[in-house]
Amino acid sequence: QVQLVESGGGLVQPGGSLRLSCAASGSMFSTNLMAWYRQAPGNQRELVAVIDSGGSTNYADSAKGRFTISRDNAKNTVYLQMNSLKPEDTAVYYCYSKLFWKETWGQGTQVTVSS
């Protein structure tokens, strides 16, 4: 089945940038719906960005204008480019995949925005 591995998290100063990557296994990656979620301590997991098989994207209001989700089907990888980062962006970021009825979550990668 699909497996997801996130990378690229870390510590960054406010106003800085970070790019997260999510590498997916499987041969049908191009048909997957892919998304990024995040969860801060004590908070509900929330959707940040989504990209469908046709490349259409949607963003949470908090991410619009700052974050960009993209996919490279040849590499079975989805990215989240995060610019103008704020302390409130601090969270564990999770990659999500939906292939037909099958849903898969990555293990999460920590993003900390702090001076």
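In this text the structure is predicted, and so the values were computed from the model without any measurement.

Asks: Please explain the overall build of the protein chain as it appears in this structure.
Replies: Helix and strand counts for the protein chain come out as zero helices and 11 strands. Mapped from its N terminus to its C terminus, the protein chain presents α and β elements in the order β-β-β-β-β-β-β-β-β-β-β. For 115 residues, the compact-globule estimate of 2.2 N^0.38 gives 13 Å, and the C-alpha radius of gyration of the protein chain, at 13 Å, lies within 12% of that figure. Taking the principal axes of the C-alpha coordinates as reference, the protein chain spans close to 40 × 25 × 20 Å. Counting all 115 residues of the protein chain, 43% fall into the buried class. Within the protein chain, contacts between residues separated by at least 24 positions form 53% of all contacts whose residues are at least 6 apart in sequence. On the protein chain, roughly 6,100 Å² of surface is accessible, and the fraction owed to carbon and sulfur atoms is 48%. The distance from the centre of the 10 positive side-chain charges to the centre of the 8 negative ones in the protein chain is 3 Å.

Asks: Just to check I follow, could you spell out unusual backbone geometry for this structure?
Replies: Glycine aside, residues mostly have negative phi, and peptide bonds are mostly found in the trans state. With a phi close to 50°, asparagine 76 is a non-glycine residue in the positive phi region. Along the chain, asparagine 76 turns up in the loop between strand 7 (67-72) and strand 8 (77-82).

Asks: Help me understand the sheet that holds strand 3 (residues 18-24) in this model?
Replies: Where strands meet in a sheet, backbone hydrogen bonds hold them as pairs that are either parallel or antiparallel. Taken in spatial order, the four strands of this open sheet run 1-3-8-7, and their pairing is antiparallel. Each edge of the sheet is formed by a strand with only one pairing partner; in this case those strands are strand 1 (4-7) and strand 7. In this sheet, neighbouring strand axes are inclined to one another by 15° on average, regardless of whether the strands run parallel or antiparallel. The pairing of strand 7 with strand 8 spans six bridges and is antiparallel. Bridging from a neighbouring strand, threonine 68 pairs with glutamine 81 of strand 8.

Asks: In this structure, what is going on with the nonpolar core? I would like to understand it.
Replies: As a rule of thumb, soluble globular proteins bury nonpolar side chains together. Trp36, Leu80, Met82 and Tyr93 are the most contacted members of the largest nonpolar core, which has 27 residues in total. For this core, the elements supplying multiple residues, two or more each, are strand 3, strand 4 (33-39), strand 5 (46-51), strand 7, strand 8, strand 9 (91-99) and strand 11 (109-113). Residues contacting tyrosine 93, with those up to four places away along its chain left out, are Glu6, Leu20, Trp36, Tyr37, Arg38, Val48, Phe67, Leu80, Met82, Gly108, Thr109 and Val111.

What counts and what doesn't
- Residues numbered from 1 in each chain as written.
- Predicted model: local features only at pLDDT ≥ 70, side-chain atom pairs only at ≥ 80, totals over all residues.
- Heavy atoms only, no water.
- Helix = DSSP H or I, 4+ residues; strand = E, 2+ residues; numbered from the N terminus.
- Rg over C-alpha atoms; globule rule 2.2 N^0.38 Å.
- Buried < 20%, exposed > 50% of the residue type's maximum accessible area, 1.4 Å probe, protein only.
- Contact = heavy atoms within 4.5 Å.
- Areas by Shrake-Rupley, 256 points an atom, 1.4 Å probe, with all protein chains shown as cover.
- Lys, Arg positive; Asp, Glu negative; His and termini not counted.
- Charge placed at Lys NZ, Arg CZ, Asp CG, Glu CD.
- Pairing = 2+ DSSP bridges.
- Axes fitted to C-alpha atoms, helices over the stretch in contact; angles between N-to-C directions.
- Core = buried A, V, L, I, M, F, W, Y, C linked by side-chain atoms within 4.5 Å.

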